[in-house]
Amino acid sequence: EAGVVQSPRYKIIEKKQPVAFWCNPISGHNTLYWYLQNLGQGPELLIRYENEEAVDDSQLPKDRFSAERLKGVDSTLKIQPAELGDSAVYLCASSFGQGSDNEQFFGPGTRLTVL
Amino acid sequence: GNSVTQMEGPVTLSEEAFLTINCTYTATGYPSLFWYVQYPGEGLQLLLKATKADDKGSNKGFEATYRKETTSFHLEKGSVQVSDSAVYFCALSRNSGYSTLTFGKGTMLLVSP
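Residues numbered from 1 in each chain as written. Chains lettered and ligands numbered in written order. Predicted model: local features only at pLDDT ≥ 70, side-chain atom pairs only at ≥ 80, totals over all residues. Heavy atoms only, no water.

**Q** Any chance you could explain the overall build of chain A here in plain terms?
**A** Check the secondary structure of chain A and you find 0 helices and 11 strands. Counting from the amino terminus, chain A carries its helices and strands in the arrangement β-β-β-β-β-β-β-β-β-β-β. Since a compact globule built from 115 residues should have a radius of gyration of about 13 Å, the 13 Å found for chain A is in line with a globular shape. When the backbone C-alpha atoms are referred to their principal axes, chain A occupies close to 40 × 25 × 25 Å. Burial statistics for chain A: of 115 residues in total, 47% are counted as buried. (Helix = DSSP H or I, 4+ residues; strand = E, 2+ residues; numbered from the N terminus. Rg over C-alpha atoms; globule rule 2.2 N^0.38 Å. Buried < 20%, exposed > 50% of the residue type's maximum accessible area, 1.4 Å probe, protein only.)

Written as structure tokens, this is what we have:
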């Protein structure tokens, strides 16, 4: 079974530029998560989708970040404009179902560097 | 709110040594507890989990016991290998409603031959 796919793996941009990350979850997984992982820290949830509905976006900085999950499958996370402090790894994860002990499967992440 | 505290790394061990990585948590209710592992260049993978007090999760020689009285979930392995070198994350999930993971900062383990 294919895992969670993310692209690109690495992205370098200058500040104030826009950037987008793409995630394709495991087939059949209805729940999709975007996490932010700063260097030396654990992942922090940005947004969670149940199918195409964003059910928890309380930690998403909505002034510059946006996300969508059209058709309830793959998802895109966008930053516009990017700031120096956005340099981090952006992780996508998916799970089947929404119970508290359902395993989340993580992609390899996109490492963003903002210059 | 919910939080997870892990011992700081890196933890440096020789092959076949005993491993303990401490993890304590603060949470309301009765969370589920997890250990995730991140190998270099790869995504996080679930290593083991426990969903209620006194449960023991185990996988690949690693074990952790859910201790409600000490709010701990320490990771142990009797004999580490070089291939165990990775970053280990302790996490919790509220045991009601949706599955939101709260992670610790991670502990890097370096095992030398």
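**Q** Can you help me understand unusual backbone geometry in this one?
**A** Apart from glycine, the bulk of residues carry a negative phi angle, and the bulk of peptide bonds sit in the trans form. In this model, Ser7(A) is joined to Pro8(A) through a cis peptide bond whose omega is -10 degrees. Tracing the sequence through the fold places Pro8(A) in the loop between β1 (5-7) and β2 (10-13). Phi is positive for Lys16(A), which is not a glycine, with a value near 80 degrees. With respect to the helices and strands, the residue Lys16(A) is situated in the loop between β2 and β3 (19-24). At Thr71(B), a residue that is not glycine, the phi angle is positive and equals roughly 45 degrees. By the secondary structure assignment, Thr71(B) is in the loop between β8 (62-65) and β9 (75-77). A relative accessible area of 29% places Thr71(B) in the partly exposed class.

**Q** Is there a simple way to think about the interface of chain B and chain A in this case?
**A** Accessible area lost upon the coming together of the parts serves often as the stated size of an interface. Chain B puts 24 residues into the contact, and the matching count from chain A is 23 residues. Of the roughly 1800 Å² buried between chain B and chain A on both sides combined, carbon and sulfur atoms contribute 49%. Joining chain B to chain A, the criterion identifies 0 salt bridges. Taken together, the links from chain B to chain A amount to 3 residue pairs in polar contact (both at pLDDT 80 or more). Among the secondary structure elements, those contributing two or more residues to the side of chain B that touches chain A are β5 (32-38), β6 (45-50), β10 (86-93) and β11 (101-103) of chain B. Looking at the side of chain B that touches chain A, its residues break down into 8 nonpolar, 12 polar and 4 charged. (Contact = heavy atoms within 4.5 Å. Buried area = accessible area lost by both parts, 1.4 Å probe. Salt bridge = Lys/Arg side-chain N within 4 Å of Asp/Glu carboxyl O. Polar contact = N/O pair within 3.5 Å; in protein donor to acceptor, adjacent residues only side chain to side chain. Nonpolar A, V, L, I, M, F, W, Y, C, P; charged D, E, K, R; others polar.)

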